[in-house]
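Examination of the molecular architecture
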Amino acid sequence: MRKHDYKDIVKKIYNLFNSSFQTDYRIIYQSREETASSDPKLNNISKSAGGTYQSKSKSIYIFSNVIDEINHKNYNNPTNSYDNGLAYLINACFHELEHRLQFECPQKLRKQTSFSRIMYDIEKIIILFDKEFYNQKHDNFYLEIDADTKGVNNAINFINLFGIDSVNIKYYENLITYNKYRALNYDIPQFISRFNNIVKIYPQILKDNRYISNEQILSFYDEKGCFKPIDELMKNTNVLTPYIISSEMFLKSIDKKTISSEQRQFILKNINLVSNEHKSKKHVLEQMYPQAKIAIERIDAYTHVAEVPSRRTVEFMANENYYQFLENSAKLFYNAVLRDEGQEL
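Quick look at the structure, then. Keep in mind the model is a prediction, meaning the values are calculated, not measured.

1. Observations concerning the overall build of the protein chain
Summing up its helical and strand segments, the protein chain has 15 helices and three strands in all. In terms of overall dimensions, the protein chain has C-alpha extents of about 80 × 45 × 35 Å along its principal axes. In the protein chain, buried positions account for 51% of the 345 residues. Counting only carbon and sulfur atoms, one obtains 48% of the accessible surface of the protein chain, whose full area is about 17,800 Å². Averaging the positions of the 45 positive and the 43 negative side-chain charges in the protein chain gives two centres separated by 2 Å.

2. Here we look at the sheet that holds strand E2 (residues 51-54)
As summarised here, the arrangement of the three strands in space is E1-E3-E2, forming an open sheet in which the pairing is mixed. Unpaired on one side and paired on the other, strand E1 (26-30) and E2 mark the two borders of the sheet. On average, adjacent strands in this sheet sit at an angle of 20° to one another, irrespective of strand direction. As defined by bridge partners, E2 adjoins strand E3 (residues 59-63) across four bridges and the pair is classed as antiparallel. Following the sheet pairing, Tyr53 is matched in E3 by Ile60. Those strands touched by helix H3 (residues 64-73) are E1 and E3, and its axis lies near 30° from that of E3.

3. Here we look at the layout of surface pockets
In this structure, the second largest pocket occupies an estimated 490 Å³ of space. Along its surface, the second largest pocket is lined by 24 residues, and Phe21, Lys111, Lys150, Asn154 and Asn157 are the ones closest to its centre. Counting residues per element, the ones that place at least two in the lining of the second largest pocket are helix H1 (6-21), helix H4 (84-104), helix H7 (142-161) and helix H8 (169-185). For the lining of the second largest pocket, the element with the highest residue contribution is H7, accounting for ten residues.

4. Considerations on the pairing of E1
Extensive coverage of E1 is indicated by the burial of four of its five residues. Of the pairings in the sheet, the one linking E1 to E3 comprises five bridges and is parallel in character. Residue pairing in the sheet places Gln30 in a bridge with Phe63 of E3.

5. Digging into the side chain of Ser59
Turning to its location among the elements, Ser59 is positioned in strand E3. When its relative accessible area of 0% is taken as the criterion, Ser59 is described as buried. A polar contact is formed between the side chain of Ser59 and the side chain of Ser57, at a distance of 2.9 Å. Ignoring anything within four residues of it in the chain, the contact list for Ser59 reads Arg26, Ile28, Thr52, Tyr53 and Gln54.

6. A closer look at the nonpolar core
With 104 residues, the main nonpolar core has Ile90, Tyr172, Leu240 and Ile267 as its most contacted residues. With eleven residues, helix H14 (residues 261-303) is the largest single contributor of residues to this core. Sequence-distant contacts of Leu240, that is, excluding residues within four places in its chain, are made with Ile118, Met119, Ile122, Ile188, Ile192 and Phe220.

7. Some thoughts on the pattern of salt bridges
This model, assessed by the stated rule, comprises 14 salt bridges. Between Glu104 and Arg100 there is a salt bridge; the shortest N-O distance is 3.2 Å. Here Glu104 pairs with Arg100, and both are found in helix H4, just four residues apart, close to one helical turn. Owing to a relative accessible area of 33%, Glu104 belongs among the partly exposed residues under this scheme. One salt bridge in this structure joins Asp148 and Arg182, with 2.6 Å as the shortest N-O distance. Of this pair, Asp148 sits in helix H7 while Arg182 sits in helix H8, and the two are 34 residues apart along the sequence.

How each quantity is defined
Residues numbered from 1 in each chain as written. Predicted model: local features only at pLDDT ≥ 70, side-chain atom pairs only at ≥ 80, totals over all residues. Heavy atoms only, no water. Helix = DSSP H or I, 4+ residues; strand = E, 2+ residues; numbered from the N terminus. Buried < 20%, exposed > 50% of the residue type's maximum accessible area, 1.4 Å probe, protein only. Areas by Shrake-Rupley, 256 points an atom, 1.4 Å probe, with all protein chains shown as cover. Lys, Arg positive; Asp, Glu negative; His and termini not counted. Charge placed at Lys NZ, Arg CZ, Asp CG, Glu CD. Pairing = 2+ DSSP bridges. Axes fitted to C-alpha atoms, helices over the stretch in contact; angles between N-to-C directions. Contact = heavy atoms within 4.5 Å. 1 Å grid on protein atoms, 1.4 Å probe; cavity = no way out; pocket = protein on both sides within 12 Å on 5 of 7 lines; lining within 4 Å. Points joined across faces, edges and corners; volume = space filled by probe spheres on them. Polar contact = N/O pair within 3.5 Å; in protein donor to acceptor, adjacent residues only side chain to side chain. Core = buried A, V, L, I, M, F, W, Y, C linked by side-chain atoms within 4.5 Å. Salt bridge = Lys/Arg side-chain N within 4 Å of Asp/Glu carboxyl O.

Below, the structure written as structure tokens:
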């Protein structure tokens, strides 16, 4: 196996990225100790972190200590045919660069899902106001899922472009399996529920564009953090409308005796959309579960070097109690619609 100059590889990565996205980010490959000594503000870096970001210099730091430990483990590489540290390094660089676009240049993002940008904004609020949830569910945030997905895809393109033959593609294949599982496991209602609670407690953030400037998000709430009247929400073609309408907080806020038949049908339609989406995803997730579990075990065997437990998990993100609540709500609204139409129940 030909040994590669890691610093040269890193330079190639950020030059290629900056050229593609017209950005000016830099990646510095050095030890955790060197990084901490260069800036006192970086002294409190988590032991589990593989790197960090300094906004002042627009510099991403990747810790060489982590790469050294991965190479020392030398998992699934008895003949030294592969450079496991390099595989991790390339993926980590592209992952962190994608985060910079998410947080600083979202207009430059490519190949996004329909909900990704609005969910990024919601997730950023959750990170600010509900750090415990973020720490618990870090890998389940779409900010992380998408950065990981783009990271490994860009890593594969990069090694093909530069003809790097010392990267074990099986490591990337396991990452792809895990990322596909996570994307399917992503549960928008759980994040909407968290966000609804934050808005209710801190309605002032709706008037402060340092926190929320996305008009799509603002279109659901009044200045007091309450939901806007249902007639207004029925005109909202936002991608999040079904999830807001189906949220537990919204459904419990509705006076079921005073709403019109049209409004009942609108609510029922959105409940069914969210409920059916969950059933479809859950069925596929159950089929993917064994394969995803094996993928996580292999990824951790390749790269997990921190003293803290791995955050990767195949745990189902969805709250089944919430979906049971949706099922019960759907029955109530369905029966009410039948009564409106004068049909026998």
